[in-house]
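Structural overview
Below are the chains, spelled out letter by letter.
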Amino acid sequence: GPVLAIESSCDETACAILSSDGTCLAQRVVSQDGHADFGGVVPEIAARAHLALLPGLVRATLADAQLTANDIGFVASTTGPGLIGGLIVGSGFGKGLALALGKPFVAVNHVEAHALTARIPGLVPGGAPFPYLLLLVSGGHCQCIAVEGVGQYRKLGGTIDDAAGEAFDKVAKMLGLGWPGGPALEKLARDGNPKTIPLPRPLLGREGCDFSFSGLKTALSQKLAPFGQSPLPRQFAADLAASFQQAVADVVADRITHALRMMPDAGLLVCAGGVAANSVLRARLETVAEQHGIRFAAPPLKLCTDNAVMVGWAALETCQEAARRGLPQPDDTATRPRPRWPLDEMAHRFAATL
Ligand code: ATP
Ligand code: MG
Ligand code: FE
């Protein structure tokens, strides 16, 4: 039967129902409000909101799919990594539902779900066969991952300070654009000249594919200092936004070039996470992929940002992989929520045959 999936690791409360071939029967995402006034996600507010939203959201998603809970084959929840309060709510809800229905529960790693999204049937023209290189760039993540199989991931590099989206959000805040500011910053940058304001390119040319954004942020704040509390001239703000975006694109292009050197068998470059919405960054990644003679793909934005479809899909792939290896179908009722859950630990699930 279909999988009912729940996502609650950050500030999106989401539910989706997928049939066993991966077809999405229904999905809903609520992006919580109530955080913007604080300029960032407040974990306690997020956890309470998940708790308040989930029962109605699950009911509504079932209704959208014209199913009742009894039609569900199994339940899957994001169980880490993320904010512990939200993880407890979402995984507790999922386990409770599974228990009540007498169906299995599958614990899903949120980053793995982002990593496998490109494999949802029909999303990427030509499909996303293993191995491929994943660039995950969101508010909370910034890493390059070699995706070699279900449960088989190798982290090639990651940020040593801020995540890419975090950098966009902080810079947007400095420019007075509100939160989350990535989209507003991109919009402002369209009116700016990226060549006017020199900014550093942290780690450019450095071995490996780690990222760093805090130096860029600091350099930018120094450009702002002369203005004190007075409002920025609009053209200057636009030029700063464009210059910042260009610097990020330059750095990411360089890091991905290095990552592809570390993974010569990659046939595809996938970009996921909310920052994948940025068209300047996308265009640069497309160019890098082209230069390496590989395809580039970014899932539709709705599936790039946090959602439950990817959680259901990751659970289906996990079950299929277990079956393929002759292992019992997973039941993770005893798995505890984990704020940290490195991807390289996912292979343990299939350890019996490794
Ligand atoms: P997680 O990190 O757990 O995946 P998140 O909520 O922080 O969750 P997403 O929802 O995937 O991340 O993405 C939100 C981030 O993407 C924000 O930091 C936002 O500013 C950034 N973002 C969205 N659109 C753009 C854009 N056009 N340009 C740059 N950044 C963007
Ligand atoms: Mg979010
Ligand atoms: Fe996410």
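Residues numbered from 1 in each chain as written. Chains lettered and ligands numbered in written order. Predicted model: local features only at pLDDT ≥ 70, side-chain atom pairs only at ≥ 80, totals over all residues.

1. What about helix H8 (residues 279-291)?
The condition is simple: What counts as a helix is a DSSP run of H or I of at least four residues, what counts as a strand is a run of E of at least two, and both are numbered from the N terminus. Expected helix span is taken as 1.5 Å per residue step, with the number of steps being one fewer than the number of residues. We call a residue exposed when 12 or fewer other C-beta atoms sit within 10 Å of its C-beta, buried when the count reaches 20 or more, and partly exposed for counts in between; the C-beta positions come from the backbone. The directions from the helix axis to the C-beta atoms are what the arc is built from.
Under the 1.5 Å per step criterion, the end-to-end length of H8 is 18 Å for 13 residues, consistent within 8% with the ideal 18 Å. What H8 keeps buried is the set Leu281, Arg284, Leu285, Val288 and Ala289. Buried residues in H8, looked at end-on, bunch into an arc of 140°, giving them a common side. Exposed and facing more than 90 degrees away from the buried side of H8 are Ser279, Ala283, Glu290 and Gln291. Where H8 ends, the next residue or the one after it, Gly293, has phi of about 70°, a positive value.

2. Notes on the site of ligand 1
Stated precisely, the cut-off is as follows: Defining nearness, a residue is near a molecule or strand when the C-beta atom obtained from its backbone falls within 6 Å of it.
Of all residues adjacent to ligand 1, which total 22 residues, the nearest are Gly139, Gly140, Gly165, Gly182 and Gly274. The set of elements that each furnish at least two residues to the shell around ligand 1 consists of helix H4 (164-174) and helix H5 (182-189).

3. Remarks on the environment of Arg59
Residue position: Arg59 is located in helix H1 (residues 43-64). Sequence-wise, Arg59 and Leu188 are 129 residues apart; in three dimensions their C-alpha atoms are separated by 40 Å.

4. As for the sheet that holds strand S3 (residues 24-31)
For the record, the criterion: Strands qualify as paired when DSSP identifies two bridges or more between them. As a rule, the C-alpha atoms of each element are fitted with a line to give its axis, helices using only the stretch in contact, and angles between N-to-C directions run from 0 to 180 degrees. Whether two residues are in contact depends on their C-beta atoms, placed from the backbone: they are in contact if these lie within 7 Å.
Judged by pairing direction, the sheet is mixed, and its five strands sit side by side in the order S3-S2-S1-S4-S5 without closing on themselves. The open sheet has two edge strands, S3 and strand S5 (105-109), and neither has a second partner. Adjacent strand axes in the sheet meet at a mean angle of 15° when their direction is disregarded. Note: strand S1 (residues 3-7) against strand S4 (residues 74-80), four bridges, orientation parallel. The residue bridging Ala5 from the neighbouring strand is Ala76, located in S4. Here H1 sits on the sheet in contact with strand S2 (12-18) and S3, set at roughly 25° to S2. Contacts between helix H10 (residues 309-324) and the sheet are confined to S1, S2, S3, S4 and S5, with S1 contributing the most and set at about 130° to the helix.

5. Observations concerning the sheet that holds strand S9 (residues 268-272)
In spatial order, the strands read S8-S7-S6-S9-S10; together these five strands make up an open sheet with mixed pairing. Across the chains shown, the open sheet's two edge strands, defined by having one partner strand only, are strand S8 (152-158) and strand S10 (295-297). In this sheet, adjacent strand axes meet at a mean angle of 20° when their direction is disregarded. Judged from the four bridges that link them, strand S6 (residues 132-137) and S9 form a sheet pairing that is parallel. Its bridge partner being in S9, Leu135 is matched across the sheet by Cys271.

6. Notes on unusual backbone geometry
The omega angle of the peptide bond from Gly80 to Pro81 is -15°, so this bond is cis rather than trans. Checked against the element boundaries, Pro81 lands in the loop between S4 and helix H2 (84-101). Within the chain, Gln66 stands out as a residue other than glycine whose phi angle is a positive 55°. One can find Gln66 in the loop between H1 and S4. With a phi angle near 70°, Leu203 is a residue other than glycine that sits in the positive phi range. Mapped onto the secondary structure, Leu203 falls in the loop between H5 and helix H6 (214-224). The exposure class assigned to Leu203 is buried, which follows from the 21 C-beta atoms found within 10 Å.

7. Regarding the UniProt feature "binding site: Fe cation" (unreviewed entry) in the protein chain
Threshold: UniProt positions are given in the numbering used here, feature names are shortened, and annotations may be inferred rather than shown by experiment.
The feature "binding site: Fe cation" (unreviewed entry), as given by UniProt, occupies His110, His114 and Asp306 in the numbering adopted here. For the residues just named, distributed over 197 residues, the greatest C-alpha separation is only 8.8 Å, placing them together at one site. Note on His110: 24 C-beta atoms within 10 Å, which makes it buried. Discounting chain neighbours no more than four positions away, the residues touching His110 are Ser9, Thr78, Gly80, Pro81 and Gly82. Mapped onto the fold, His114 is located in helix H3 (residues 110-116). Excluding residues within four positions of it along the chain, His114 makes contact with Leu136, Ala272, Gly273 and Met310.

8. Looking at the environment of Asn193
Along the polypeptide, Asn193 turns up in the loop between H5 and H6. Sequence separation of Asn193 and Gln152 is 41 residues, and the distance between their C-alpha atoms is 42 Å. Non-local contacts of Asn193, meaning those with residues more than four positions away in its chain, are made with Asp239 and Ala242.

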